Amino acid sequence: MRILSVVGTRPQLIKAAALQPALRARHHEVFVDTGQHWDDAMAGSFFGELGLARPDHGLGIGGGGRADQIGRMLTALVPVVEAEAPDAILVYGDTNSTLAGALAGAAAGIPVAHVEAGLRSFDRSMPEEVNRVVADHLSAWLFAPTPTAVANLRAEGIVDGVVPVGDLMQDLAARVVREVRDPAVLGPIARSLSAEAPGLAPGSGGASAPASGPASGFALVPGGYVLATVHRAENRDPAAVAGWLSILAAAALGGSRPVLLPLHPGTREAVEAAHAPIPDGVVVLPPLGYRTTLALQLHAAAVLTDSGGVQREAAWLGTPCLVLRRATEWVEAVAGSGGSMVVVGLDAARAADELARLAPPDAAPALAAARAGAVDLRPAGAAEAIAAALDGPPPAPRAADGGAGAR
Ligand code: UDP
């Protein structure tokens, strides 16, 4: 099959890296990057690091408001789809690029395949929820990562074309975790972070020095630091920024335990706009590479995040995780964590209690060492399952979707 796949953001580049070898072993892929994330830290670096093919078409569409961005992506995608005449269009996840790719397929009458179909937060104020619901209802193949995703689709009347395949990101994490399980990996990471974040103080205790202070080295010990990522729209208004910063401040134990915060550029803008002071011990970093992020998760005392990808990675690695959201689509990750993953939203008191339970500073180093020693993550087999399912003809369109093509 000739498959036109559409990516645009960091998590989509990571998912594409997980799928591409299996996809290209069976199919001809035309690879399109909308450019929704465009800088090196959020996009460019992943090509080299993860061995992704260079895009056949780079649309260069980033920035702008949501509707404007989706409109420009669709306008740019239509001629590419016409020229390439693919048999299917493959989209990943829940971003504007996902929605634009699905709409381009629907407009051209080309069947759409959706990777990570069926996830629901049941909160349509989230742009991601709208993107994924629409993409699912336009798709012929719906690659569902979890049983809950299959059930969500069934509840919306979508049964045909649903293929439970497991989690594609687990395939990649299983491949890479072997390279980062030795805690010695933290040495070079600490050295490169020292260069990235001037003002880091030396020592594993690692309170951050005044912003004006010189960078003089930085050490990380297993279980001696916390990793945090925050990027969702719901966490970008000033009240939310103040809320999660106070949770990070408590996790930093008065500055004695570094909280590493690789900041998404959109969140960085939100923090600056809110004029929110960065608490002692919270170390603001640029976005990091995939291997570095996985290594930092594996050896951390705990992970604090609103990211769907980071949340699942923490679950696979067995790292305690506080989810900084009101709800999560990844209910299996929480249910299967044996209590080590907790959805705390921005409830500071709850977050502090859970962190004291899951990552007490005196026990966290031994817990982290034991975790890294025992980690044995297996691939989910999702990449192979997706590539194999695309061998067949597209499932018949659902009756409810039929006949709408002329409108
Ligand atoms: N990630 C990364 N560098 C970072 C933060 C995250 O490589 O600085 C990776 C992370 O390990 C995971 C993916 O990016 O594989 C998650 O992407 P993101 O949090 O942007 O989106 P979401 O998963 O919430 O859709």
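Residues numbered from 1 in each chain as written. Predicted model: local features only at pLDDT ≥ 70, side-chain atom pairs only at ≥ 80, totals over all residues. Heavy atoms only, no water.

### Side note on the site of the ligand
By nearness alone, 19 residues border the ligand, and His231, Leu288, Ser307, Gly309 and Glu313 come closest of all. Between the ligand and leucine 288, the relevant distance is 2.7 Å, taken from a nitrogen atom to a main-chain nitrogen or oxygen of the residue. One of the backbone nitrogen or oxygen atoms of glycine 308 is found 2.9 Å away from an oxygen atom of the ligand. A total of 540 Å² of accessible area belongs to the ligand in isolation, and the protein chains cover 96% of it. Examining the composition of the shell around the ligand, we find that four residues originate from one element, helix α12 (residues 308-317), more than from any other. (Near = heavy atom within 4 Å. Polar contact = N/O pair within 3.5 Å; in protein donor to acceptor, adjacent residues only side chain to side chain. Areas by Shrake-Rupley, 256 points an atom, 1.4 Å probe, with all protein chains shown as cover. Helix = DSSP H or I, 4+ residues; strand = E, 2+ residues; numbered from the N terminus.)

### Focus on the confidence of the model for the protein chain
Per-residue confidence for the protein chain averages 92 on the pLDDT scale, and 92% of its residues sit at or above 70. Considering only residues more than four positions removed or in separate chains, one finds that residues 201-216, a stretch of pLDDT under 50, has 37 contacts. Confidence over residues 400-407 falls short of pLDDT 50; this stretch has one contact with residues more than four positions distant or in other chains. (pLDDT = per-residue confidence, 0-100. Contact = heavy atoms within 4.5 Å.)

### Quick word on the sheet that holds strand β13 (residues 341-343)
Two modes of strand pairing occur in sheets, parallel and antiparallel, and in both the strands are linked by backbone hydrogen bonds. Read from one edge of the open sheet, six strands run β10-β9-β8-β11-β12-β13, paired in parallel fashion. Looking at which strands have only one partner, the edges of the open sheet turn out to be β10 (282-285) and β13. Strand-to-strand twist in this sheet, taken as the mean axis angle between neighbours without regard to direction, amounts to 20 degrees. Strand direction decides the pairing type here: strand β9 (residues 259-262) and β10, joined by four bridges, are parallel. The residue of β10 that forms the bridge with leucine 261 is valine 284. Contacting β8 (226-229), β9, β10 and β11 (302-305), helix α9 (residues 238-251) runs over the sheet at an angle of about 145 degrees to β9. (Pairing = 2+ DSSP bridges. Axes fitted to C-alpha atoms, helices over the stretch in contact; angles between N-to-C directions.)

### Quick word on α9
Its 14 residues place the ends of α9 20 Å apart at the C-alpha level, agreeing with the 20 Å of an ideal helix rising 1.5 Å per residue. All buried positions along α9 are accounted for by Ala240, Val241, Gly243, Trp244, Leu245, Ile247, Leu248 and Ala251. The elements touched by buried residues of α9 are β8, β9, α10 (265-273), β10, β11 and α14 (348-358). Capping the start of α9, aspartate 237 holds a side-chain oxygen 3.1 Å from the backbone nitrogen of alanine 239, two or three residues further along. The positive-phi residue at the C-terminal boundary of α9 is leucine 253, with phi of around 50 degrees. (Expected span 1.5 Å × (residues − 1). Buried < 20%, exposed > 50% of the residue type's maximum accessible area, 1.4 Å probe, protein only.)

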